[in-house]
Amino acid sequence: MKALFKFLLYLGSFLVILTGCGTENEPEEEVTREIIWQDEFDVDGSVDSDLWIYDIGTGEEIFGQPGWGNNELQYYTDRSENIRVEDGMLQITAREESFEGSSYTSAKILTRGLFERTYGRFEARIQLPFGQGIWPAFWLLGDDSGGTETWPQIGEIDIMEYRGQQPTVIHGSVHGPGYSGGNAVTDSYTIPNGRFDTEFHIFAIEWGPDFIRYYVDDILYNTITPEDVNGEWVFNDNTFYIILNVAVGGTFVGSPTSLTPFPQTMMVDYVRVYDLEN
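An account of the accompanying structure is given in this report.

Reading guide: rules and limits
- Residues numbered from 1 in each chain as written.
- Predicted model: local features only at pLDDT ≥ 70, side-chain atom pairs only at ≥ 80, totals over all residues.
- Heavy atoms only, no water.
- Salt bridge = Lys/Arg side-chain N within 4 Å of Asp/Glu carboxyl O.
- Helix = DSSP H or I, 4+ residues; strand = E, 2+ residues; numbered from the N terminus.
- Buried < 20%, exposed > 50% of the residue type's maximum accessible area, 1.4 Å probe, protein only.
- Pairing = 2+ DSSP bridges.

### Regarding the pattern of salt bridges
In this structure the tally under the stated criterion is 12 salt bridges. Measuring nitrogen to oxygen at the nearest pair gives 2.9 Å for the salt bridge that ties arginine 272 to glutamate 40. Residue arginine 272 is found in strand 18 (residues 264-275), and its partner glutamate 40 is found in the loop between strand 2 (30-39) and strand 3 (53-54); the two are separated by 232 residues along the sequence. For arginine 272, a relative accessible area of 8% translates into the label buried. What makes glutamate 40 buried here is its relative accessible area of 7%. The closest approach of N and O atoms between arginine 112 and aspartate 55, which form a salt bridge, is 3.9 Å. Linking arginine 112 in the loop between strand 8 (108-110) and strand 9 (120-127) with aspartate 55 in the loop between strand 3 and helix 2 (67-71), this pair joins segments that are 57 residues apart in sequence. On the basis of relative accessible area, arginine 112 is assigned to the partly exposed category, the value being 29%. Via salt bridges that share partners, Arg121, Glu123, Glu206, Arg213 and Asp218 belong to a single interconnected network.

So this is what it looks like as structure tokens:
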């Protein structure tokens, strides 16, 4: 399938077959979408600097809280030990090691300032890591470059979050003013057969002016609308950028234990963004 996509792309065709609107927990009807941004991770080495930038460090000043605002334990680096493209896959690896005062390392990349978008279908094909205290995520954050507004006013859309100690469950959430942190509007999806750390799955949202639909493998499992949030709907007036990361520890997952296996790697086959206009 990936080879077919590349072939069509090289011919100048940017139209692909995706899923459309249906009922929750049922596969969707096929519709034609236009791809507007992608990374297929086809060139080995570092991530494409035209598409991604790195967050580096421990984020001690984020929201006035340590560990990127979540009490996370890792130091994010741009080293090949933590992030690289190899054999057609992005690999983000969390390691247990002493580094710059932290006991763990990992990586976080984002499209801030390079690609930002309001509305569309955002999807990635990912195989997740495993273990107590491992926290991978595929998410969107509202543009914060102006400096006049901060989180949660800028908005956050978590396409996929996952507790490494629960390998059959993923979570999708939105954060905004009045519904952030532990009060986020959220739902979860439990895979009926298998685990998220043993094979690849497609995680996606379809986002429009008055809805955000959540999918796993083209199964719609949740829809969030302005009526569902306890506060302002902040997903119309801002552009959002893409983030991929693997955190270690934090309020959402707890700390690793002596039984947590390291290293742990999130494998990403591709990230694609499509226009929702038919």
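### Re the pairing of strand 16 (residues 219-224)
The pairing of strand 15 (residues 211-216) with strand 16 spans 5 bridges and is antiparallel. Following the sheet pairing, tyrosine 214 is matched in strand 16 by asparagine 222. Taking the residues that link successive antiparallel strands as the turn, the strand 15-strand 16 hairpin has 2 residues, and the phi of aspartate 217 there is positive, at about 50°.

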